[in-house]
Structure formats: C-alpha cells, structure tokens
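A structural walkthrough
Letter by letter, the chains look like this.
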Amino acid sequence: MSAATYAPETPTTPDARITPRAHLRHTSALIRRNLLWIRQDPESMFDAILFPIVFTLLFVYVFGGSIGQSLGGGQQAYVQYVIPGLMAMMGMNMAQGVGTGFNQDFNSGVMDRFRSLPIGRGSVLFAKIAVELLRMLFATAVLMVVAVLVGFDITDWAGLLASVGLSAVFGSALMWVFLTLGVVMKNAQSVQAMGFLVLMPLQFGSSIFAPTDSMPGWLQSFTDYNPLSSLADTARGLMLGGPVAHDLWVTLAWSAALTAVMAPIAIHKFRTKS
C-alpha cells in the first residue's frame, strides 16, 4: 500500500484560515447531508405537515365563531385574521425544532465527528438553519393549502410572498437562539422545556390568535413590544391591506438584533463545547 494510506488525518483548520468559498462548499455539502437524512427519516417531517393542519382547524373551528363575531364577520372574518398570524408562527416553531435536533446530534456523537474535520464551524450551523428554513417553507405551503380549503381569500400574491420572506427572516434569527440552547443544554428535553417557557408567552401574549384590544393594559404593553405581534400585523397588512411600515421595521429590527447577538454566541459555544 502507498504511504498515503497511512497518512494522518488533516488537523482541524481554524475558521479564520478557511476561505469564504470553502465555507460555502462546506455548507452546501452539509445541507445535502441533512436533506438526505430527512429522506431516510421521513417521520422527521411530521411536525411540518401536521402542525399547520392541526392549528388551522383547531383555531378556525373551535374559536373562529366567537372571536369572529367580535371582528364583526363571524368565522369567515376570523379565517382572514388568523391565517397571517399562523404564518408568523411557522418560523418560531421550526426554530424550536432546530434546537432539539442539534442537541440530539451532539448526544449521538455526530457533532464530535464534524468538529474533528477541517471545515468551518459556522458551516455546520448555517447548514442546519438552511434546512430548517426549507422545512418552514414546506410547512407554510401546507398551511396555505389548508387555509384556502377553510375559506381564506388570497387577495395579494405579492404580499403573500413578502410575508413568507419576512417570516423566514425572523425565523432564522430565532434559530440562532435555539441553536445556542441546543449546545448549552444537556438534553433535548431541556431544550424543549426552555422553548416552551419562552414561546408560550410570546405566542399567546400577541395578536396572532386574537386582537389585543380587550386585553388588560399591562398585557397590551407587552404585546406592543412582542415581535410576534409585529410580524403577524405586518403579514396581515401585506396580505389583506393596511399599514405595515412601523410593524415591518420593528420585525426587521428584532431579527437583526437577535442575529447580531446570538449568531456569534452560538458559533463560539459550538466551537468551544467540550
């Protein structure tokens, strides 16, 4: 055999010495790896399929009549109100999934193998986010199909596409938060528990499911600063008509701030995890 057979493994290369082109190549290869894993484990797509179906049917047919009356149009009015809000939830719920999946990869030893390779550490995280964004887009497509079936009227296709893009931007920012949790938490159950504690108040203390006018004053103050309210209201304005400028900038500001703060932390924690 040639001496190359016994050559030692190339030592891990620091991120600073990897070119942007190499980072892109590594990220592409890892995206392909993650997509192949989904292909081998189709059950991992159940949440992307069932979540939009279950939540749409639950809120439309259980709460749609009563809340729709307060909107002045019955169940049909509630359909028009809640669907943009549910779209805003897609990125948030997919973000939680990326944290638990990342933690499971660590506990199974997959990430130890990745960190032993001469690849950019950020490439592993960027690939995770890219695949979760694809899953989010798939879940959004399922949501819109169900929405049309229950009576949602798409009046502005450009606004719909803009809403999907904005949800993806905010969802990717939240993913950095959950990637960090996936690194620092000991197991996937801890990541899920922390995600539940964070996301439940954000979901129900917002304008996603119902208008905030009837909420107590202190809760309305919370919803005013809740990024999910801004995202949901922006989606409604884009898809159904109405003012969007203020809520759009608030959503973009939250997305930029979360990414700027959490992305370096997630990459650092991933690089230094023992």
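Anything mentioned here points back to the structure above.
Residues numbered from 1 in each chain as written. Predicted model: local features only at pLDDT ≥ 70, side-chain atom pairs only at ≥ 80, totals over all residues. Heavy atoms only, no water.

Time to look at the overall build of the protein. The secondary structure content of the protein amounts to 10 helices and zero strands. Counting helices and strands in the order they occur from the N terminus, the protein gives α-α-α-α-α-α-α-α-α-α. A principal-axis box enclosing the C-alpha atoms of the protein has dimensions of 80 × 35 × 35 Å. Residue burial in the protein is summarised as follows: out of 274 residues, 48% are buried. Total accessible area on the protein stands at roughly 13,600 Å², and carbon and sulfur atoms take up 67% of it. The positive charge centre, built from 16 side chains, and the negative charge centre, built from 14, are 17 Å apart in the protein. (Helix = DSSP H or I, 4+ residues; strand = E, 2+ residues; numbered from the N terminus. Buried < 20%, exposed > 50% of the residue type's maximum accessible area, 1.4 Å probe, protein only. Areas by Shrake-Rupley, 256 points an atom, 1.4 Å probe, with all protein chains shown as cover. Lys, Arg positive; Asp, Glu negative; His and termini not counted. Charge placed at Lys NZ, Arg CZ, Asp CG, Glu CD.)

Time to look at the packing of helix α9 (residues 227–240) against helix α10 (residues 245–272). Here α9 crosses α10 at 135°, and the two axes come no closer than 8 Å. The orientation of α9 with respect to α10, classified from their angle, is oblique. Seen from above, α9 lies across α10 with left-handed handedness. Counting all contacts with α9, which are made through P227, S230, L231, D233 and T234, the residues of α10 involved are D247, L248, V250, T251 and W254. (Axes fitted to C-alpha atoms, helices over the stretch in contact; angles between N-to-C directions. Parallel < 35°, antiparallel > 145°, perpendicular 65-115°, else oblique. Left-handed = near helix turned anticlockwise from the far one by under 90°. Contact = heavy atoms within 4.5 Å.)

Attention now goes to the packing of helix α3 (residues 74–108) against helix α6 (residues 157–184). Interhelical geometry of α3 versus α6 gives an angle of 30° and a closest axis separation of 7 Å. With respect to α6, the element α3 is oriented roughly parallel. As for the relative orientation of α3 and α6, their crossing is right-handed in sense. Between α3, through M87, A88, G91, M92, M94, A95, Q96, V98, G99, F102, N103 and F106, and α6, the contact on the second element is made entirely by L160, S163, V164, S167, G171, L174, M175, F178, L179, G182 and V183. By residue class, the composition of the contact of α3 with α6 is 15 nonpolar, eight polar and no charged. (Nonpolar A, V, L, I, M, F, W, Y, C, P; charged D, E, K, R; others polar.)

Further remarks concern α6. With 28 residues, α6 extends 41 Å between its outermost C-alpha atoms, agreeing within 8% with the 40 Å of an ideal straight helix rising 1.5 Å per residue. For α6, the N-terminal capping position is held by D156, with its side-chain oxygen 3.1 Å away from the main-chain nitrogen of A158. (Expected span 1.5 Å × (residues − 1). Polar contact = N/O pair within 3.5 Å; in protein donor to acceptor, adjacent residues only side chain to side chain.)

This brings us to the packing of aromatic side chains. This model, assessed by the stated rule, comprises seven aromatic pairs. Judged by centre distance (5.9 Å) and plane angle (25°), the ring pair of F55 and F59 falls under stacked. Pair noted here: F55 and F59 are both in helix α2 (residues 46–70), with a separation of four residues, about one helical turn. For F55, a relative accessible area of 21% puts it in the partly exposed group. (Phe/Tyr/Trp six-rings, centres within 6.5 Å; stacked < 30°, edge-to-face > 60°.)

Grouped together as the largest cluster of nonpolar side chains are 72 residues, with contacts concentrated most on I83, F102, V124, L125 and W176. Here this core gets 16 residues from one element, more than from any other, and that element is α3. The residues contacting L125, other than those within four sequence positions of it, are F102, W176, L179, A266, I267 and F270. (Core = buried A, V, L, I, M, F, W, Y, C linked by side-chain atoms within 4.5 Å.)

Relative to the elements of secondary structure, S230 occurs in helix α9. Leave out the neighbours within four places in its chain, and S230 touches D247, V250 and T251.

This next bit is on the pattern of salt bridges. The tally for this structure, following the rule as stated, stands at three salt bridges. For E132, the salt bridge is made with R135, and the minimal N-O distance between the two is 3.1 Å. You can see E132 and its partner R135 sitting in helix α5 (residues 121–149), three residues apart, about one turn around the helix. When the shortest N-O distance is used, the salt bridge between R236 and D233 registers 2.9 Å. With a gap of three residues between them, R236 and D233 both fall in helix α9, about one helical turn apart. Given the relative accessible area of 9%, R236 is considered buried. Linked through salt bridges whose partners overlap, the residues forming this network are D47, E132 and R135. (Salt bridge = Lys/Arg side-chain N within 4 Å of Asp/Glu carboxyl O.)

Glancing now at a nonpolar patch on the surface. Together, F46, I49, L50, V54, L58, V62, F63 and F138 make up an exposed nonpolar region whose accessible area comes to about 690 Å². It is α2 that provides the largest number of residues to the nonpolar patch, a total of seven residues. Relative to the elements of secondary structure, F63 occurs in helix α2. (Patch = residues over 30% accessible without salt bridge, like charges linked within 9 Å, V, L, I, M, F, W, Y side chains within 5 Å.)

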